[in-house]
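Chain by chain, the residues run as shown.
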Amino acid sequence: SGTAKMTIKALEAIDWTPLAVATTSSVGVGTYGQEVNEDGFWQGEHIIGPAFWYHTVDEGSDEPTRGEFSHMTSEEFFTRYQEAYSNEAVSYVGAAAFAGLASLSKAIE
């Protein structure tokens, strides 16, 4: 959450209030969500960024979440990727690209 807070402090110093700010860290790290939701860090609501992805983790759920467009779980996506690309493991970057394309495709439908 340090990157987001420093960015917001810099924006406040130049008196600029954009509707959103994209960062490459902060949002999915540590206590950021708690700081925004419970600790009154309202400025943090305008920061967007990637969240970490793990092919074997589905926190807080008894059943894995299925994608609305792909109808796959993270584990199924990981396995299908390996099958398609000579047992190469997909990183969170590859998953993010797939998720972006799935989101756009769903929006077009």
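Residues numbered from 1 in each chain as written. Predicted model: local features only at pLDDT ≥ 70, side-chain atom pairs only at ≥ 80, totals over all residues. Heavy atoms only, no water.

Here Phe-69 lies in the loop between β2 (47-48) and α3 (74-84). With 38 residues separating them in the primary sequence, Phe-69 and Ala-107 have C-alpha atoms 9.7 Å apart. Contacts of Phe-69, omitting those with residues within four sequence positions, involve Ala-102, Ser-105, Lys-106 and Glu-109. (Helix = DSSP H or I, 4+ residues; strand = E, 2+ residues; numbered from the N terminus. Contact = heavy atoms within 4.5 Å.)

Counting 8 residues, the largest nonpolar core consists of Ala-4, Ile-8, Leu-11, Val-21, Tyr-32, Val-36, Phe-41 and Ile-47. Taken together, the elements giving at least two residues each to this core come down to α1 (2-13) and α2 (32-37). With residues up to four places along the chain from it excluded, the contact list for Ile-8 reads Phe-41, Gln-43, Gly-44 and Ile-47. Listed in part, the 5 residues of the second largest apolar core include Met-72, Phe-77, Phe-78 and Ala-95. (Core = buried A, V, L, I, M, F, W, Y, C linked by side-chain atoms within 4.5 Å. Buried < 20%, exposed > 50% of the residue type's maximum accessible area, 1.4 Å probe, protein only.)

Across all of its chains, the model carries 3 aromatic pairs by this definition. Measuring from centroid to centroid gives 6.3 Å for Phe-77 and Tyr-81, while their planes differ by 50 degrees, and the two rings are tilted. Of the two residues, Phe-77 and Tyr-81 both sit in helix α3, 4 residues apart, roughly one turn of that helix. Judged by its relative accessible area of 26%, Tyr-81 falls in the partly exposed class. Measuring from centroid to centroid gives 4.7 Å for Tyr-81 and Tyr-85, while their planes differ by 40 degrees, and the two rings are tilted. (Phe/Tyr/Trp six-rings, centres within 6.5 Å; stacked < 30°, edge-to-face > 60°.)

This next bit is on the pattern of salt bridges. A full pass over the atoms with the stated rule returns 2 salt bridges. Residue Glu-76 is joined to Arg-66 by a salt bridge in which the shortest nitrogen-to-oxygen separation is 2.7 Å. A residue pair is termed long-range when its members are at least 10 positions apart, and Glu-76 in helix α3 and Arg-66 in the loop between β2 and α3 qualify at 10 residues. The closest approach of N and O atoms between Lys-106 and Glu-68, which form a salt bridge, is 3.4 Å. Taken together, the residues span a long stretch of sequence, with Lys-106 in helix α4 (residues 92-108) and Glu-68 in the loop between β2 and α3 at a distance of 38 residues. (Salt bridge = Lys/Arg side-chain N within 4 Å of Asp/Glu carboxyl O.)

Between its first and last C-alpha atoms α1 spans 16 Å; for 12 residues at 1.5 Å apiece the expected length is 16 Å, and the two agree. All of the buried residues along α1 are Ala-4, Ile-8 and Leu-11. On an axial view of α1, the arc spanned by its buried residues comes to 60 degrees, and they lie on one face. In this structure, α1 carries Met-6, Lys-9 and Ala-13 as exposed residues pointing more than 90 degrees from its buried face. For α1, the elements touching its buried residues are β1 (21-22), α2 and β2. Immediately downstream of α1, the backbone of Asp-15 shows phi near 55 degrees, a positive value. (Expected span 1.5 Å × (residues − 1). Arc of directions from axis to C-beta.)

Turning to unusual backbone geometry, a few remarks are in order. Phi is positive for His-71, close to 60 degrees, though the residue is something other than glycine. Locating His-71 in the fold gives a position in the loop between β2 and α3. The backbone of Ser-86 shows a phi angle near 50 degrees, a positive value even though the residue is not glycine. The residue Ser-86 is located in the loop between α3 and α4 in this model. Residue Ser-86 is classed as exposed on the basis of its relative accessible area, which comes to 73%.

Just geometry here; none of it tells us what the structure is for.
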